[in-house]
Amino acid sequence: MSLDESRLKTADLYDIHEEALQVCSPVLRHYGGHHAFHGAIATLKCFEDNSLVREQLEQAGNGRVLVVDAGGSLRCAMLGDQLAQLAVDNGWAGVVMYGCIRDAVEIADMPLGVLAMATHPRKSVKKGIGEVGGVVEFASVIFRPGEWLYADEDGVVVLDTPAV
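The numbering scheme is per chain: residues are counted from 1 as the chain's sequence reads. Under the rules for a predicted model, residues below a pLDDT of 70 receive no local features and side-chain atom pairs below 80 are neither given nor counted, while totals for whole chains, interfaces and linings still include all residues. Computation of side-chain values: all heavy atoms of the structure, hydrogens and water removed.

Digging into the pairing of strand β10 (residues 148–152)
- Partly exposed residues are those whose accessible area sits between 20% and 50% of the maximum for their type, while under 20% is buried and over 50% is exposed, using a 1.4 Å probe and protein chains only. Numbering of helices and strands runs from the N terminus, with a helix taken as a DSSP run of H or I at least four residues long and a strand as a DSSP run of E at least two residues long. Burial analysis of β10 places 4 of its 5 residues in the buried class, the great majority of the element.
- Any two strands with at least two DSSP bridges between them are considered paired. When strand β3 (residues 37–45) meets β10, the two strands line up antiparallel, connected through 4 bridges. Across the sheet, the residue bridging to Ala40 is Trp148, located in β10.
- As judged from the 5 bridges shared by β10 and strand β11 (residues 155–159), these two strands associate in the antiparallel manner.

Here it is, written out as structure tokens:
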């Protein structure tokens, strides 16, 4: 089976690469304007402090996906419309947030993939605490920088190399 890179379906990727990929547990919801997106993974681990999320999204995304382990916190938002707009402006394909976002209506209109657990109106603290570029784990997946994430309406899968 040949894959069209413009629409890499997670179900097709699973059928082709079943033994080589990881599948996220269905704990995340789509909030961005793009429900289907993919790219090389960049990672971040921070808890109820989105300072480093801003720092990462201010950098050139080059089509990457920022995967943020926010500890699964449901007590504040780690991404809002301003940071999502930074991601769009700087060429990120998407943000996967193991935590909450806010400004969901505005983010839904942006050309960006955004997956998160829920929405929350409270903003995070800003102390600059967290870890950039390490291995993070949530939703039954180990995310490593440089691996490839593919997301669509059927779910999220991770491969160690690009599918195409």
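Quick notes on the pairing of β11
- Most of β11 is tucked away: 4 of the 5 residues are buried.
- Across 2 bridges, the pairing between strand β1 (residues 22–23) and β11 is antiparallel. If you follow Val23 over to β11, its bridge partner there is Val157.
- Connecting β10 to the antiparallel partner β11 that follows it, the hairpin turn spans 2 residues.

Here's the deal with the environment of Ala42
- Inspection of the secondary structure puts Ala42 in strand β3.
- Classification of Ala42 by relative accessible area gives buried; the value is 6%.
- Linking Ala42 and Gly134, residues 92 residues apart in sequence, is a C-alpha distance of 8.7 Å.
- Apart from the residues within four sequence positions on either side, Ala42 is in contact with Arg64, Val65, Leu66, Val67 and Trp92. Contact criterion: two residues are considered in contact whenever any of their non-hydrogen atoms come within 4.5 Å of each other.

Describing the pattern of salt bridges
- One side-chain nitrogen of Lys or Arg within 4 Å of one carboxyl oxygen of Asp or Glu is enough to make a salt bridge. Enumeration according to the criterion identifies 4 salt bridges in this entry.
- Among the ionic pairs, Glu58 bridges to Arg54, the shortest N-O distance being 3.9 Å.
- Residue Glu58 is classed as partly exposed on the basis of its relative accessible area of 44%.
- Salt-bridge contacts for Arg102 lead to Asp103; the nearest nitrogen and oxygen are separated by 4.0 Å.
- Residue classification places Asp103 among the partly exposed positions, given a relative accessible area of 26%.

Quick word on the nonpolar core
- One finds Val53, Leu57, Leu66, Val68, Leu79 and Met97 to be the most contacted residues of the largest nonpolar core, which totals 26 residues.
- Only β3, α2 (51–57), β4 (65–69), α3 (81–89), β5 (94–101) and β6 (113–119) provide two or more residues apiece to this core.
- The element that contributes the greatest number of residues to this core is α3, accounting for 4 residues.
- Setting aside its immediate chain neighbours within four residues, Val68 contacts Leu44, Cys46, Val53, Val96, Met97, Tyr98 and Phe138.
- Formed by 18 residues, the second largest nonpolar core is a distinct cluster that contains Cys24, Val67, Val156 and Val158. Each nonpolar core is a collection of buried residues, namely Ala, Val, Leu, Ile, Met, Phe, Trp, Tyr and Cys, held together in the definition by side-chain atoms within 4.5 Å.

Quick look at unusual backbone geometry
- In this structure, Glu48 is a non-glycine residue whose phi angle is positive, near 55°.
- In this structure, Glu48 sits in the loop between β3 and α2.
- At Ala139, a position not held by glycine, the phi torsion is positive, near 55°.
- If you trace the backbone, Ala139 turns up in the loop between β8 (136–138) and β9 (141–143).
- By relative accessible area, Ala139 is classed as buried at 11%.

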